[in-house]
Amino acid sequence: MTTPSPLMSNDRRAPRPIVLTSHPRNVADRAGRIAWGAADPATRGPVIAGANDTPARSAIGAHSGAYSLYRALAIAAGQLGAEHRPDLTNTAPAEPIGPFPQWFDPELIVSLDPWGHMAGQIYADRRLAGADIRPSIAVTKAHINMPEIVAALRDGRLHPDGQILGPSGDARVTKIAIEPVWHLPGVAKRFGINVNDLRRGLFEQTGGMFPELVTRPDLDVFLPPIGGLTVYLFGDVAKLGRPETRIACRIHDECNGSDVFGSDICTCRPYLAHGIEVCIETAQQGGVGVVAYNRKEGRALGEVTKFLVYNARKRQEGGDRAESYFERTECVAGVSDMRFQELMPDVLHWLGITRIDRLVSMSNMKYAPIVASGIEVVERVPIPDGLIPADASVEMDAKKAAGYFTNEAVPNAAELAAPKGRGLEE
């Protein structure tokens, strides 16, 4: 006999009232609008979201980004209590980060909560009083080991020092997980749009998922259900924010196919590994290496769109070639890129960075907003030619022709028109 699922419709438990967070009983009971950019975290106020603490909520949405939906499923399936509050004992940051002066400029950081890693400590009294305040940033330590780093040791490009890099290729890192926290007025200003247009667009294009975007103008903070980012720091974290500290940095956008499985249609994993090598080298010279890994799969178009584009590129008449690289993406997605790098520099300001000595990126779309936000870039480091897979030459030529940084000649029209990528069956 089949055991009924807890999700089946014959559940005879008494119905619970539905909490409509868009229409609180008494808005006056709220702790007040978050004072974004305030130097004192008590004055700034905590980010309180989710279905709990409805009168005290200061943010739209729920913690954990895209994973908030799994939490909702766990509650609906009866595997998690809706009233569960996290026990934050011993979860404090493994390394102190900040505060830095950039935290107090409301226009420099608009897509993450600068105090998010300290929420359990600086708002401990309010948590003890029952407020559901959760960290949106976690700082820990780890060792990482990649075959590319082992190869760099073997080939003599890197050398073990027993501190940053061990003899077997283990690299010591401080790693930081960051959930997105958007200050809507700041995000709107960053893109040069009206905040009401932003709120309406977010509401309508998510199928009305967050009615508070249009019914609660008193809530300026939004926790979007999207992927966050992970930061890997190499070297002494205490040196961050010092003008004399040399910084190497790789800003990397997620590419599961290459980063994890080694797909050769792009340069993502080779460039990521080269960036880590440069970061280790800089840390061993007394600086700090920074790798910021953003969850923006397929240029934030998603992996399904990405694979559809692969098929279109490989099947098009004339073969896979650089001259139609971006066009094929636009035919499927409508645009060639939706990563919106305008928000990307926020994490660099959160780390107190004012100068990047070695930026391991050829992307003009990353370089421009970094410099525009006031961070100096001293040197740009392209991917070495020997690390570019043969099938990825289409991508590289297209990007160089579109304005990506290169120390070499930009491909001419004939080179862009020549097919270079494999067919689907090869």
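Residues numbered from 1 in each chain as written. Predicted model: local features only at pLDDT ≥ 70, side-chain atom pairs only at ≥ 80, totals over all residues. Heavy atoms only, no water.

Draft legend 1. Looking closely at the pairing of strand E3 (residues 171-178). As defined by bridge partners, strand E2 (residues 137-144) adjoins E3 across eight bridges and the pair is classed as antiparallel. Following the sheet pairing, threonine 140 is matched in E3 by lysine 175. Relative to strand E6 (residues 229-234), E3 is paired through five bridges, and the arrangement is antiparallel. Paired with lysine 175 across the bridge in E6 is tyrosine 232. (Pairing = 2+ DSSP bridges. Helix = DSSP H or I, 4+ residues; strand = E, 2+ residues; numbered from the N terminus.)

Draft legend 2. Region of interest: the state of the cysteines. In the structure shown here, the tally under the stated rule is zero disulfides. For cysteine 266, which is in no disulfide, the shortest distance to another cysteine sulfur is to cysteine 268 and amounts to 3.6 Å. Judged by its relative accessible area of 5%, cysteine 266 falls in the buried class. (Disulfide = S-S within 2.5 Å. Buried < 20%, exposed > 50% of the residue type's maximum accessible area, 1.4 Å probe, protein only.)

Draft legend 3. Examining the pattern of salt bridges more closely. In total, this model carries 29 salt bridges according to the counting rule given. With a shortest N-O distance of 3.0 Å, aspartate 357 and arginine 355 are connected by a salt bridge. Across the pair, exposure class does not vary: aspartate 357 and arginine 355 are buried alike. Here arginine 358 ties to glutamate 379 by a salt bridge, and the two come within 3.4 Å at their closest N and O atoms. With arginine 358 in strand E9 (residues 355-359) and glutamate 379 in strand E10 (residues 376-380), the pair connects residues that are 21 residues apart, well separated along the chain. (Salt bridge = Lys/Arg side-chain N within 4 Å of Asp/Glu carboxyl O.)

Draft legend 4. Just the sheet that holds strand E5 (residues 221-223), in detail. Reading across from one edge, E1-E5-E4 is the order of the three strands in this open sheet, with mixed pairing throughout. At either end of the open sheet lies a strand with only one pairing partner, and these are strand E1 (59-61) and strand E4 (182-183). Inspection of the sheet shows E1 paired to E5 by three bridges, in the parallel sense. Among the inter-strand pairings, glycine 61 is bridged to a residue of E5, identified as leucine 223.

Draft legend 5. Focus on the packing of aromatic side chains. Evaluated as defined, the whole model comprises ten aromatic pairs. Here phenylalanine 100 and tryptophan 103 contribute two aromatic rings whose centre-to-centre distance is 6.4 Å and whose plane-to-plane angle is 85 degrees, an arrangement assigned as edge-to-face. Comparing phenylalanine 100 with tryptophan 103 shows no difference in burial state: the two are buried. Ring centres 5.5 Å apart and planes at 90 degrees place the aromatic pair phenylalanine 191 and phenylalanine 340 in the edge-to-face group. Linking phenylalanine 191 in helix H6 (residues 184-191) with phenylalanine 340 in the loop between helix H12 (325-333) and helix H13 (346-350), this pair joins segments that are 149 residues apart in sequence. Aromatic ring contacts, followed pair by pair, group Phe100, Trp103, Phe104, Trp115 and Trp350 into a single cluster. Over the ring of tyrosine 271 we find arginine 250, and its NZ or CZ is 4.2 Å from the ring centre. Over the aromatic face of tyrosine 367 sits the side chain of arginine 380, whose NZ or CZ is 4.1 Å from the ring centroid. (Phe/Tyr/Trp six-rings, centres within 6.5 Å; stacked < 30°, edge-to-face > 60°. Lys NZ or Arg CZ within 6 Å of the ring centre and 35° of its normal.)

Draft legend 6. Fine view of the nonpolar core. Core analysis: the largest hydrophobic core is formed by 33 residues, its most contacted members being Ile176, Trp350 and Leu351. Of all the elements in the fold, those that place two or more residues in this core are E2, E3, E6, strand E7 (247-253), strand E8 (288-294), H13 and E9. In this structure, Ile149, Leu165, Val173 and Val291 belong to the second largest nonpolar core, which totals 31 residues. (Core = buried A, V, L, I, M, F, W, Y, C linked by side-chain atoms within 4.5 Å.)

Draft legend 7. Focus on the sheet that holds E3. Across the sheet, which stays open at both edges, the seven strands sit in the order E2-E3-E6-E8-E7-E9-E10 with mixed pairing between neighbours. Each having just a single partner strand, E2 and E10 make up the two edges of the open sheet. Each strand axis lies, on average, 25 degrees off the axis of its neighbour in the sheet, ignoring direction. In this structure, E7 lies alongside E9, joined through two bridges in parallel fashion. Counted as the bridge partner of cysteine 249 is leucine 359 from E9. Each of E3, E6, E7, E8 and E9 touches helix H10 (residues 268-284); the most contacted strand, E7, lies at about 160 degrees to it. Those strands touched by helix H14 (residues 364-372) are E7, E9 and E10, and its axis lies near 150 degrees from that of E10. (Axes fitted to C-alpha atoms, helices over the stretch in contact; angles between N-to-C directions. Contact = heavy atoms within 4.5 Å.)

Draft legend 8. View of a nonpolar patch on the surface. On the surface, a cluster of nonpolar side chains totalling about 270 Å² of accessible area is made up of Val304, Leu308 and Val332. Along the polypeptide, leucine 308 turns up in helix H11 (residues 303-315). (Patch = residues over 30% accessible without salt bridge, like charges linked within 9 Å, V, L, I, M, F, W, Y side chains within 5 Å. Areas by Shrake-Rupley, 256 points an atom, 1.4 Å probe, with all protein chains shown as cover.)

Draft legend 9. A look at helix H7 (residues 195-205). Buried within H7 are the following residues: Leu198, Arg199 and Leu202. The buried side chains of H7 occupy one side of the element, clustering within an arc of 95 degrees when seen end-on. With respect to the buried face of H7, the exposed residues turned more than 90 degrees away are Asn196, Asp197, Arg200 and Gln205. Buried residues along H7 sit against E1, E4, H6, helix H8 (212-215) and E5. Its side-chain oxygen placed 2.7 Å from the backbone nitrogen of asparagine 196, asparagine 194 serves as the N-cap of H7. Looking one or two residues past H7, glycine 207 carries a phi angle of roughly 65 degrees, positive in sign. (Arc of directions from axis to C-beta. Polar contact = N/O pair within 3.5 Å; in protein donor to acceptor, adjacent residues only side chain to side chain.)

Draft legend 10. Spatial organisation of the confidence of the model for the protein. The predicted model of the protein averages 91 in pLDDT, with 92% of residues at 70 or higher. The low-confidence segment residues 1-10 (pLDDT under 50) makes six contacts with residues lying over four places distant or belonging to another chain. Under a pLDDT of 50 for its full length, residues 27-31 has, in the predicted model, nine contacts with residues more than four places off or in other chains. (pLDDT = per-residue confidence, 0-100.)

Draft legend 11. Inspection of the side chain of serine 111 at higher detail. Along the chain, the position of serine 111 falls in the loop between helix H2 (68-76) and helix H3 (119-122). Given a relative accessible area of 12%, serine 111 falls into the buried group. Not counting the four nearest positions on each side in its chain, serine 111 is found in contact with Pro180, Val181, Trp182, Leu343 and Asp346.

Draft legend 12. Examining the packing of helix H5 (residues 147-154) against H10 more closely. Here H5 crosses H10 at 55 degrees, and the two axes come no closer than 9 Å. The angle between the axes of H5 and H10 places the two elements in the oblique class. Seen along the crossing, H5 lies across H10 with a hand that is right-handed. From H5, Pro147, Glu148, Ile149 and Ala152 reach across to H10, where they touch Arg269, Ala273, Ile276, Glu277 and Ile280. Taken together, the residues of the contact of H5 with H10 sort by class into six nonpolar, no polar and three charged. (Parallel < 35°, antiparallel > 145°, perpendicular 65-115°, else oblique. Left-handed = near helix turned anticlockwise from the far one by under 90°. Nonpolar A, V, L, I, M, F, W, Y, C, P; charged D, E, K, R; others polar.)

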